[in-house]
Amino acid sequence: MVGGRLEGILGAPWLFVHRRWYLPAVSRVRVAVLVSGHGSNLQALLDACAASDCEAEIALVLSNRGDAGALERARTARVPALVIDRDGQDAAGLLALLTRHGIQLVVLAGYLKKVPDAVVAAFRDRMLNIHPALLPAFGGPGMYGRRVHEAVLASGARLSGATVHLVDEQYDHGRIVAQWPVPVHPGDTAETLAARVLAVEHQLLPAAVRACCRQVLAGSSPSGLYVAGERFVPSVQPSQPLDHALIPE
Ligand code: GAR
């Protein structure tokens, strides 16, 4: 045998190269990212996973739209990128792809279709979504992208933000894993607010995915509340003034 791979002791991937067995320094969780659009959050994940100590490996990108810019980002990063059915309702096909690629964690990053219940059940506590508001406010069916920011502005709320949560059978409903507040400024438009929230998403999502991957590697479920660049602390609310919350890690 010249080269090969064995899921060996403790589930770690041992490599057999030049008649020797090696245990790579970092075990990585195989992550699939589901997308529908530009893929700037996917890019943030790809960039974070380029680091040698990252616990996540982006192993598959699936889009329900063939024209999604995210597909090009995936291909540039040499990640398999496939187009699924436009409604995303082919549960058997989706599960077959995730299984074939050995996926351990699924991340919805700007994915705008409901994930079929059978897929949610197969990845219970192993599927994350990022939403551009502070859930449970401004979530639910039809609340995505620009519509979310328009609703925040129409409500007069002075605070918005980003949320990473576990996916269950209802839109934007599963347990919150990570949140980062962002102020709403007087004179904000949906575009200016979206840009402020998106900048935070690009930091929050990789941090939350990496933290969840550490928990997957340790054999436990993602848990806790990740607030404003701090580490995972269960049931802790921001203890600092919210301006502090805008300072990245
Ligand atoms: C992001 O703001 C994400 O939070 C939002 O779509 C955008 C995708 O941007 N997702 C939702 O609204 C889901 N309810 P991206 O394609 O550049 O990552």
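Before any of the text, the structure's been laid out above.
A brief report on the enclosed structure follows.

Procedures and definitions
- Residues numbered from 1 in each chain as written.
- Predicted model: local features only at pLDDT ≥ 70, side-chain atom pairs only at ≥ 80, totals over all residues.
- Heavy atoms only, no water.
- Helix = DSSP H or I, 4+ residues; strand = E, 2+ residues; numbered from the N terminus.
- Buried < 20%, exposed > 50% of the residue type's maximum accessible area, 1.4 Å probe, protein only.
- Contact = heavy atoms within 4.5 Å.
- Areas by Shrake-Rupley, 256 points an atom, 1.4 Å probe, with all protein chains shown as cover.
- Near = heavy atom within 4 Å.
- Polar contact = N/O pair within 3.5 Å; in protein donor to acceptor, adjacent residues only side chain to side chain.
- Nonpolar A, V, L, I, M, F, W, Y, C, P; charged D, E, K, R; others polar.

### Digging into the overall build of the protein chain
Along the protein chain, the regular secondary structure elements total 7 helices and 11 strands. Across the 249 residues in the protein chain, those meeting the buried criterion constitute 45%. For the protein chain, long-range pairs separated by at least 24 residues make up 61% of all intrachain contacts whose partners lie at least 6 apart in sequence. Taken as a whole, the protein chain presents about 12400 Å² of accessible surface, with 56% of it coming from carbon and sulfur.

### Focus: the site of the ligand
Taken together, 14 residues form the shell around the ligand, and within it Gly39, Ser40, Asn41, Gly145 and Glu201 come nearest. Side-chain polar atom of Glu201 to an oxygen atom of the ligand: 2.7 Å apart, as the coordinates give it. Compared with its free state, where it exposes 450 Å², the ligand has 88% of that area covered by protein. At the level of elements, α1 (40–49), β8 (127–131) and α6 (190–217) are the ones that each hand at least two residues to the shell around the ligand. Residues of the shell around the ligand, tallied by class, amount to 5 nonpolar, 8 polar and 1 charged.

### Here's the deal with the environment of Leu159
Within the fold, Leu159 resides in strand β9 (residues 159–166). Judged by relative accessible area, which is 31%, Leu159 ranks as partly exposed. In this structure, the C-alpha to C-alpha distance between Leu159 and Pro181, residues 22 residues apart in sequence, is 6.7 Å.

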